[in-house]
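A structural walkthrough
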2 protein chains.
Amino acid sequence: MTVTAPAGFKAAGLAAGIKASGAKDMAVVVNDAAAQLAAAAAVFTANRFAAAPVLFSREAMALAEGGYLVPRAVVLNSGGANACTGAAGYEDAQRTAAVAAKELGLRPEEVLICSTGLIGERLPMDKILAGTEAGVAALANTEAAGRAAAEAIMTTDTVPKTAVIQDPDGRYTIGGMAKGAGMLAPELATMLVVITTDALIDPGTAQGALAEACRLSFDRADSDGCMSTNDTVILMASGASGNQPGPAEFTAHLTALATDLAKQLIADAEGAHHEIEVTVRGALTQGGALAVARAIARSNLFKTAIAGQDPNWGRILSAAGTVPPAIAPFEAARVGVSINGVTVCRGGEVGEPRDLVDLSGRQTNVMVDLNAGAAEATIWTNDLTHEYVSINADYSS
Amino acid sequence: MTVTAPAGFKAAGLAAGIKASGAKDMAVVVNDAAAQLAAAAAVFTANRFAAAPVLFSREAMALAEGGYLVPRAVVLNSGGANACTGAAGYEDAQRTAAVAAKELGLRPEEVLICSTGLIGERLPMDKILAGTEAGVAALANTEAAGRAAAEAIMTTDTVPKTAVIQDPDGRYTIGGMAKGAGMLAPELATMLVVITTDALIDPGTAQGALAEACRLSFDRADSDGCMSTNDTVILMASGASGNQPGPAEFTAHLTALATDLAKQLIADAEGAHHEIEVTVRGALTQGGALAVARAIARSNLFKTAIAGQDPNWGRILSAAGTVPPAIAPFEAARVGVSINGVTVCRGGEVGEPRDLVDLSGRQTNVMVDLNAGAAEATIWTNDLTHEYVSINADYSS
């Protein structure tokens, strides 16, 4: 099960006719909790061309933080991003929320909106509004309904992404669904994620836990270095389990679930043949470790080398060498590199023979040791393949 | 003609057996001027894993700036970068300079060294040293010799890059050769460039002119966002024309020549089908314009869209939207985008129909108007194609 695994949630996914293929393209997720018990939290893209649904949902969250009603429903569509659509696009998001709210007996500001697809086109509002009504009518707390919702938000995803985690004592459950395959980058990633839980938590705890979980999961997935206009991660809590976890414990479980979903995104990244874990250790600071890992994960030359099963560690160091010393202090002559366990570079120069490295499997591990401190960080990325070019050259998304 | 076009220079290019293909792989360029008349200047990669030849040449230039002899020869090889090769690699560069110096009657510190090729392997020194001797023996001031040198520094280049410019009054000549096809990025670019001139200039003027010319040319060519360990641009002046240009005039001509070479690099970038000029205007500062242009030029989603002849302007804005407001202040709702003259986005939303854009030709122009000021900047880049992936996945470089 997915977002319907925790008690107190219903979901639906259906084909509203937005996608020409006839595939599912709209989803609704609803928190059945009473307003006083419900909590919601959200993290949005940092892109300055934030899409209309992001602007609308951000406003709803701001109202909730100001003491207004907590959002208890999310309407999502694929097949169109409703980004760069101006005031008319914003009104489209408002109208969708209004229709959902009417059907659900909520206020429009209690509904969050997410969209994904091509930027710079208006949504087909007749289909969106009819789909919203049909989605509300189809809401169910079944596994099938949760799975249909996860399928309805797919774009170039080849599989739906879902995850469920339970507190070891069975006191509460967290469920989630995610979509995203390209445009995966730090600070979120053409990525829509809805997470539900029946834990009893207050909105402040929910927001703090979600921000920390995103920082350690989705923000460390970097598929192609591109940041989307529509990224949204939403957490809704129903309190239906009656169990109130401590913030640290809840954050840990939420982070585990978010990491699971983030790795699923990278595993299904557009055209990828290798899932690559770039770990930088021996850094003076975690920020420095992250900066070096990101520079490597974003190097097209590194990513094509892995696609070609070529353990070309020079491309790893040349990418690491672009990070300014002020951000990550290290000495070039002390840096080591291991690829899948073979230390191909030691002390900044040739180590074990590169021919010993086996890159035939999907899982790829790159470990860079800066020998400059004790901090460590990992970025998850993937290789750059012919299929990535095909998908993104031939498909308008 | 190329580096041999200005008076007072000889060159040679030959196959020393470094490349398995048997293609030319070593070049020598020599300034015949007396030490008092000669000037030299150089710009090197900012990469922290600078290759041994860069470390060696940097040291020679530092000595010259300190009043020691001005470098008057360059020995270049393709087929191996001599990067990440430690102290032994540095000694290899020293030995090459020593052999060239002995043959030329110079001090080793008067010889600069450039290498390009695979990182993390020692050079075959027997071939390098024999090739150096043979190169010096073959030196000539002919067009054929200049062309052979330009051919000898090619790696994945499909054509040699050369340019010549003359002062309109015929008082002096500037000639240049360049190599580079991938790893082209700001702050230089798997790029070796040797420029010669018979203008009479002092080393300070030469260095100032070269730095400014690089800033406006090679630093604005961004093929794949990757920065090499070996980038070097060298200018040598012989004074043989007897004409002493003013610094501003000389800088302008040098910039024109460097821009010509930079555009040749982008035109031959690995696998490219489109040469893309990304111009950002209406910025508050030139730095802001450059930051936005670079963010667009580095977006794989933008580059694959152009490869697919898809005028997907949402990918242009989503890349522009990643630049922090502090670096480039602008309002999303005021930004316009034109592709090949069609204003597909106006005021941050849909403009003319994207179907009007014709991307069938090689030359592609993207104009982003931030409507936030009067500054403007251009970055030259290229599309991301299947051939780029093939070249870099299948070829160890």
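Residues numbered from 1 in each chain as written. Chains lettered and ligands numbered in written order. Predicted model: local features only at pLDDT ≥ 70, side-chain atom pairs only at ≥ 80, totals over all residues. Heavy atoms only, no water.

Scanning the entire structure with this criterion turns up 6 aromatic pairs over all chains. Aromatic side chains Tyr172(B) and Phe250(B) sit 6.0 Å apart centroid to centroid with 45 degrees between the ring planes, which places their arrangement in the tilted category. In this pair, Tyr172(B) sits in the loop between strand 6 (161–166) and strand 7 (173–179) while Phe250(B) sits in helix 6 (residues 247–267), placing the two residues 78 residues apart along the sequence. Note on Tyr172(B): relative accessible area 1%, which makes it buried. In this structure Phe250(B) comes out as buried when scored by relative accessible area, which is 0%. Note that Arg48(A) overlies the ring of Phe330(B), its terminal NZ or CZ placed 3.7 Å from the centroid. (Phe/Tyr/Trp six-rings, centres within 6.5 Å; stacked < 30°, edge-to-face > 60°. Helix = DSSP H or I, 4+ residues; strand = E, 2+ residues; numbered from the N terminus. Buried < 20%, exposed > 50% of the residue type's maximum accessible area, 1.4 Å probe, protein only. Lys NZ or Arg CZ within 6 Å of the ring centre and 35° of its normal.)

A word on helix 9 (residues 313–320) of chain A. Burial analysis of helix 9 of chain A places 8 of its 8 residues in the buried class, which makes it a mostly covered element. Listing the buried residues of helix 9 of chain A in full gives Trp313(A), Gly314(A), Arg315(A), Ile316(A), Leu317(A), Ser318(A), Ala319(A) and Ala320(A).

A word on the pattern of salt bridges. All names here are of chain A. Applying the stated criterion across every chain yields a total of 34 salt bridges over all chains. Glu 249 serves as the salt-bridge partner of Arg 171, at 2.7 Å between the closest nitrogen and oxygen. Of this pair, Arg 171 sits in the loop between strand 6 (161–166) and strand 7 (173–179) while Glu 249 sits in helix 6 (residues 247–267), placing them 78 residues apart in sequence. A residue is classified by how much of its surface remains accessible, and Glu 249, at 28% relative accessible area, is partly exposed. A single salt-bridge network, built from bridges that share partners, covers Asp 167, Asp 169, Arg 171 and Glu 249. (Salt bridge = Lys/Arg side-chain N within 4 Å of Asp/Glu carboxyl O.)

Under the counting rule described, the total for this entry stands at 0 disulfides over all chains. Sulfur of Cys84(B): no disulfide; nearest cysteine sulfur belongs to Cys345(A) and is 5.9 Å away. Judged by relative accessible area, Cys84(B) falls into the buried class, the value being 7%. (Disulfide = S-S within 2.5 Å.)

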